[in-house]
Amino acid sequence: DSEMQIGVASVPLEMLVRQGHQVAKIEGEHAVLEPLTGEPRGTLRVLLVNRGQPPTAYKELAALAAPPPPPPEDGNPQS
């Protein structure tokens with residue numbers, strides 16, 4: 001359980017933007033560099049997945065955000 005840093009890796013995430021698709025997936029191998037000298041120490045293999053739901057239409061979002069109508073003043077439901 002040592003907390004000694006052994007290297008630094010940079011993973012670009014631009015390709016995980018779904019842009020209307022249900023799933024975006026990237027697989028890659030990235031260099032792990034020594035933090036002080038920048039010399040390679042190894043590699044990091046990753047598989048990243050961004051899953052989502054289909055985009056919601058603006059009208060549906062606006063309807064969800066609208067407050068519910070106030071109850072009738074006489075306490076009886078309106079027909």
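Each value, and the rule that gives it
Residues numbered from 1 in each chain as written. Predicted model: local features only at pLDDT ≥ 70, side-chain atom pairs only at ≥ 80, totals over all residues. Heavy atoms only, no water. Salt bridge = Lys/Arg side-chain N within 4 Å of Asp/Glu carboxyl O. Helix = DSSP H or I, 4+ residues; strand = E, 2+ residues; numbered from the N terminus. Buried < 20%, exposed > 50% of the residue type's maximum accessible area, 1.4 Å probe, protein only. Pairing = 2+ DSSP bridges. Contact = heavy atoms within 4.5 Å.

Participant: Can you walk me through the pattern of salt bridges in this structure?
Facilitator: Pairs may arise between side chains of opposite charge once their charged atoms sit close together. Under the definition given, this model contains one salt bridge. In this structure, arginine 45 and glutamate 29 form a salt bridge, with 3.5 Å as the shortest nitrogen-oxygen distance. Remark: glutamate 29 occurs in strand 1 (residues 23-33) and arginine 45 occurs in strand 2 (residues 40-51); sequence separation between them is 16 residues. Here glutamate 29 falls in the exposed class, since its relative accessible area comes to 51%.

Participant: In this structure, what is going on with the pairing of strand 1? I would like to understand it.
Facilitator: In the case of a regular strand, side chains alternate between the two sheet surfaces. Pairing geometry for strand 1 and strand 2, over eleven bridges, is antiparallel. Each bridged residue has a counterpart across the sheet, and for glutamate 27 the counterpart in strand 2 is leucine 47. Remark: six residues form the turn of the hairpin made by strand 1 and strand 2, two consecutive strands paired antiparallel; glycine 38 in that turn has positive phi of roughly 80 degrees.

Participant: What is the right way to read the environment of valine 23 from this model?
Facilitator: For valine 23, the position within the fold is in strand 1. Considering only alpha carbons, one finds valine 23 and arginine 51, 28 residues apart in sequence, at a separation of 4.6 Å. Other than its neighbours up to four places away in sequence, valine 23 contacts Arg18, Val49, Asn50 and Arg51.

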